[in-house]
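# A look at the structure
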Amino acid sequence: MALRGNLRDFSFTQILNLINLAQKTGLLTVEGPGEMAHVYFRDGKLALALIGREENDLSAILARSRKITANQAKVIRERTRSMTDKEVGLLLINAGYLSQKDVLDSLQLYSIEVIRRLFTWVEGIFQFDQSSAVPSGKIPVRVDLENLIVEGSRQLREWEQLQEEIPSLDMALKFTDRPGTNLRHLNLNLEEWRVVRYVNPKNSMRQIAQVTHMNDLEIRRIAYALLQAGIVDIVRPDGKPPVMPPPRPLPPVNKEEHKSLVQRLINRIRSL
Amino acid sequence: MQNVKIVVTGPFNAGKTEFIRSVSEIDVVSTERKITAEAEKIKSSTTVAMDFGRITVDDELVLYLFGTPGQKRFDFMWEILSEGMLGFIVMVDSAHPETFREARSILETFHAYAPTPYVVAANKQDCDDAWEAEDLRLALRLDPQVKLLPCVASQKETVKTILLELLYSILETIETPTD
Ligand SMILES: Nc1nc2c(ncn2[C@@H]2O[C@H](COP(=O)(O)OP(=O)(O)OP(=O)(O)O)[C@@H](O)[C@H]2O)c(=O)[nH]1
Ligand SMILES: [Mg+2]
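This one's a predicted model, so the numbers in the text were calculated from it and none came from an experiment.

Definitions and cut-offs
Residues numbered from 1 in each chain as written. Chains lettered and ligands numbered in written order. Predicted model: local features only at pLDDT ≥ 70, side-chain atom pairs only at ≥ 80, totals over all residues. Heavy atoms only, no water. Helix = DSSP H or I, 4+ residues; strand = E, 2+ residues; numbered from the N terminus. Contact = heavy atoms within 4.5 Å. Areas by Shrake-Rupley, 256 points an atom, 1.4 Å probe, with all protein chains shown as cover. Buried area = accessible area lost by both parts, 1.4 Å probe. Salt bridge = Lys/Arg side-chain N within 4 Å of Asp/Glu carboxyl O. Nonpolar A, V, L, I, M, F, W, Y, C, P; charged D, E, K, R; others polar. Pairing = 2+ DSSP bridges. Core = buried A, V, L, I, M, F, W, Y, C linked by side-chain atoms within 4.5 Å. Buried < 20%, exposed > 50% of the residue type's maximum accessible area, 1.4 Å probe, protein only. Phe/Tyr/Trp six-rings, centres within 6.5 Å; stacked < 30°, edge-to-face > 60°. Lys NZ or Arg CZ within 6 Å of the ring centre and 35° of its normal.

Tallying secondary structure elements over chain B gives 5 helices and 7 strands in all. In sequence order, the secondary structure elements of chain B are arranged as β-α-β-β-β-α-β-α-β-α-β-α. Taking contacts inside chain B between residues at least 6 apart in sequence as the whole, the part at least 24 apart equals 68%. Counting only carbon and sulfur atoms, one obtains 51% of the accessible surface of chain B, whose full area is about 7,900 Å².

And the structure:
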């Protein structure tokens, strides 16, 4: 069944994590705005990543990692036109131009580089197809996803943390009444000043973001920095502090009675 | 006469009303409204306050199934609905990953209101686009011990299974000594 969605809702890092944990094999296609990526996995490991219309035959990849020059790549490509990457690789190794390690390192580096670029995609349709394997002429690598996931999750974590600290942009900001804080002496950057101008219990953060042309991430980042610095508090747009409903304990009941009640429910549902 | 309740929650359009309808002995008493806002016209009606269904157990016991409104702007109802519940079911539309994050946040909210047992239903498993239950578990970051069950809300048997699994969990928590 389908593993399909939008990166907006399920980030690329989360997908990698899922593939890693479930040790999936298959092809992940990501269709970003104006570009397309194909990433192959084997048993939860990265096998091959290709992006866009970029030249990604072996000679181009070897040139990117400076194992050969651009000119050499051109010559090789012309002479091996109908050959697959595997055949070209063997040819270069057998001819003593390169070692097997050179070839694999370059391919690995390239695939990782593609993954790093995919971390910055926040928009795009992805689809995972379990039945597609690495094309037979391509040389697969084998890269553990863990380190890549850690890298990707650093970005993700910031975003999630900000969403947790500032769950709703419908709240407003208000200057703290700390005596002795003089805004003029604060070392704020330009972006922070742009927000500070609008700090007022009447303005929701969403409204501030609108007038300052900031996206959700940017306004949260700045609001968080101001919060951390103790310059502002989060308040309801009418100025009252937010109230969290207290958790309600269940009324205590007799254990045996409770058990018999649940057992009766079970019997009844079974008979439906 | 004793009334007990189980709450069926989850994001907009997840299939909560459908779930209750499949097992209720009465027509679901629903507070559905025609949807007017253009952006929300995925379907023609939505639950605005709550739905409820009823299952009579015996002369002394009635189980009510309460469906919450899925739309965020009605979430003031949640706390009231969760009061005194035996447990709750989080319905997730497995074919709409854009709702997964919200499903998780609803789950956490309900759990904070009342730390009762809950199960997660991976609904709409009959849709081509549905994510498999185990992929959904990873996507929702559910612990391995949280029950996540495949569901097709219009099929009575899967609905029964989910209710039973929830009741088994409730039974277990009663039997587990708390300290
Ligand atoms: N294919 C399929 N469709 C379903 C399933 N469950 C519900 N639906 C459909 O999904 C739509 C939404 O179902 P509802 O039961 O109204 O969802 P809800 O969670 O009550 O929605 P709100 O009250 O608006 O939040 C309806 O068109 C249902 O017929 C299912 O398991 N499979
Ligand atoms: Mg409904």
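And the narrative resumes.
This brings us to the interface of chain B and chain A. Interface size is often expressed as the accessible area that is lost when the parts come together. At the interface, 44 residues of chain B touch 33 residues of chain A. In this assembly, chain B packs against chain A so that about 3,700 Å² is buried in total across both faces, 62% of it on carbon and sulfur atoms. Summed over the three residues of chain B that lose the most area to chain A, namely Arg101, Trp131 and Ile174 of chain B, the buried surface amounts to 16% of that side. Connecting chain B to chain A are 5 salt bridges. A salt bridge links Lys24 of chain A to Asp135 of chain B; the nearest nitrogen and oxygen atoms lie 3.2 Å apart. Across the side of chain B that touches chain A, the residue classes tally to 24 nonpolar, 5 polar and 15 charged.

Let us look at the pairing of strand 3 (residues 35-42) of chain A. Residues and elements named next belong to chain A. Note: strand 2 (residues 26-32) against strand 3, 7 bridges, orientation antiparallel. Residue pairing for strand 3: Leu27 is matched across the bridge by Tyr40. Where strand 3 meets strand 4 (residues 45-51), 6 bridges bridge the pair, whose relative direction is antiparallel. Bridging from a neighbouring strand, Ala37 pairs with Ile51 of strand 4. Between the end of strand 3 and the start of strand 4, which pair antiparallel, lie 2 residues, with Asp43 showing a positive phi angle near 50°.

Before going further, it helps to examine the nonpolar core. Residues Phe12 and Leu28 of chain A together with Val120 of chain B are the most contacted members of the largest nonpolar core, which totals 77 residues. Take this core: its biggest share by element is 8 residues, from helix 5 (residues 100-119) of chain A. Not counting residues within four places of it along the chain, the set of residues in contact with Phe12 of chain A comprises Leu7, Leu28, Val30, Ile115, Leu118 and Phe119 of chain A. Counting residues in each nonpolar core, the second largest holds 35 residues, with Phe19, Ile162, Leu164 and Leu167 of chain B among its members.

Residue and element names in this part refer to chain A. Relative to the helices and strands, Thr176 resides in the loop between strand 6 (172-175) and helix 7 (190-196). For Thr176, a relative accessible area of 19% corresponds to the buried category. What Thr176 contacts, discounting residues up to four positions off in sequence, is Gly230, Ile231, Val232 and Asp233.

Under the counting rule described, the total for this entry stands at 12 aromatic pairs over all chains. Note on Phe41 of chain A and Phe128 of chain A: the rings are 6.4 Å apart at their centroids and 45° apart in plane angle, and the pair reads as tilted. Taken together, the residues Phe41 of chain A in strand 3 and Phe128 of chain A in strand 5 (residues 125-129) connect sequence positions 87 residues apart. Of the two residues examined, Phe41 of chain A and Phe128 of chain A, each falls in the buried class. With 6.4 Å between their ring centres and 45° between their planes, Tyr64 of chain B and Phe66 of chain B make a pair best called tilted. Through a chain of ring-to-ring contacts, three or more aromatic side chains come together here, namely Phe10 and Phe126 of chain A together with Phe100 and Trp131 of chain B. Just above the ring of Phe66 of chain B sits the side chain of Lys5 of chain B; from NZ or CZ to the centre is 5.2 Å.

Before going further, it helps to spend a moment on unusual backbone geometry. Glycine aside, residues mostly have negative phi angles, and peptide bonds mostly take the trans form. Of note in the backbone geometry, Asp43 of chain A takes a positive phi value of approximately 50° without being a glycine. With respect to the helices, strands and loops of the structure, Asp43 of chain A is situated in the loop between strand 3 and strand 4. The backbone of Arg141 of chain B sits at a positive phi, close to 55°, despite the residue not being glycine.

Treat this as a map of the structure, not an account of what it does.
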